[in-house]
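# Descriptive structure summary
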Amino acid sequence: ETGVTQTPRHLVMGMTNKKSLKCEQHLGHNAMYWYKQSAKKPLELMFVYSLEERVENNSVPSRFSPECPNSSHLFLHLHTLQPEDSALYLCASSPSAFGGEGAYEQYFGPGTRLTVT
Amino acid sequence: KNQVEQSPQSLIILEGKNCTLQCNYTVSPFSNLRWYKQDTGRGPVSLTIMTFSENTKSNGRYTATLDADTKQSSLHITASQLSDSASYICVVRGGDYKLSFGAGTTVTVRA
């Protein structure tokens, strides 16, 4: 395993529900990321956190709300989602969000398969 | 806009055969290029990383090549095994810290 865990692994929710995705890394990294992976499309970077501070927000709709209480945990709060939000949501961590190549290798979790009905 | 294009989108090969995946990119300036392997139901795992000065790098039966002049990379799988069935993603890092991802090539190895 990569040292990054995600829960739940599968989630089905209605458009009016509120749910949260959880990510935890056991690697001592300082940066954490949320990605959206849709079929046949490149990974889409959603949010980047460095030392619990959000350093990037790629024009993600407000129905996705990230939270990083400490450098080991990352949450993605979901509310009022749309069917097109159904996808695999991947969490990743890296030693740093900046710097040299080694500092930037990302370690991915297994993802949460989200289905919005 | 920085782009990474991968081909083919998918391929099927018989166990024991070789195959080559392609990655073309327009990212500039260039810092490095990684190939990731993503098994079904799992997150991507790094296979190789290549910098501007590297032409070839191997990781077991996986060999990656890079031509920084033409902005092309390839991933060659030798003597394929059933466990090689996965999606292979090309990721290019630009001069800043941003990453550009390809859509991936899905490889299916059949006995």
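Shown above is the structure to which this text applies.
My aim in this report is to walk through the structure given alongside it, one point at a time. Since the model is a prediction, treat every value here as computed from it, not as a measurement.

## Topic: the state of the cysteines
- Taken as a whole and assessed by the stated rule, the structure comprises two disulfides over all chains.
- Each disulfide pairs two cysteine sulfurs, and for C23 of chain A the partner residue is C91 of chain A, the sulfurs being separated by 1.9 Å. The chirality of the disulfide connecting C23 of chain A with C91 of chain A is left-handed, given an S-S dihedral of about -75 degrees. Of the two residues, C23 of chain A is situated in strand β3 (residues 18-25) and C91 of chain A in strand β9 (residues 87-94); the sequence distance between them amounts to 68 residues.
- On the basis of relative accessible area, C23 of chain A is assigned to the buried category, the value being 0%.
- Here C23 of chain B engages in a disulfide with C90 of chain B; their sulfurs sit 2.0 Å apart.

## Section: empty space enclosed by the protein
- Tallying each qualifying case throughout the model produces one cavity of 30 Å³ or more.
- Approximately 70 Å³ is the volume found for the largest cavity.
- Looking at the largest cavity, it is lined by eleven residues, and the ones nearest its centre are Y104 and E105 of chain A together with N32, R34 and L99 of chain B.
- Only α1 (101-104) of chain A together with β4 (30-38) and β9 (86-94) of chain B provide two or more residues apiece to the lining of the largest cavity.
- With three residues, β4 of chain B is the single largest residue contributor to the lining of the largest cavity.

Criteria and cut-off values
Residues numbered from 1 in each chain as written. Chains lettered and ligands numbered in written order. Predicted model: local features only at pLDDT ≥ 70, side-chain atom pairs only at ≥ 80, totals over all residues. Heavy atoms only, no water. Disulfide = S-S within 2.5 Å. Helix = DSSP H or I, 4+ residues; strand = E, 2+ residues; numbered from the N terminus. Buried < 20%, exposed > 50% of the residue type's maximum accessible area, 1.4 Å probe, protein only. 1 Å grid on protein atoms, 1.4 Å probe; cavity = no way out; pocket = protein on both sides within 12 Å on 5 of 7 lines; lining within 4 Å. Points joined across faces, edges and corners; volume = space filled by probe spheres on them.

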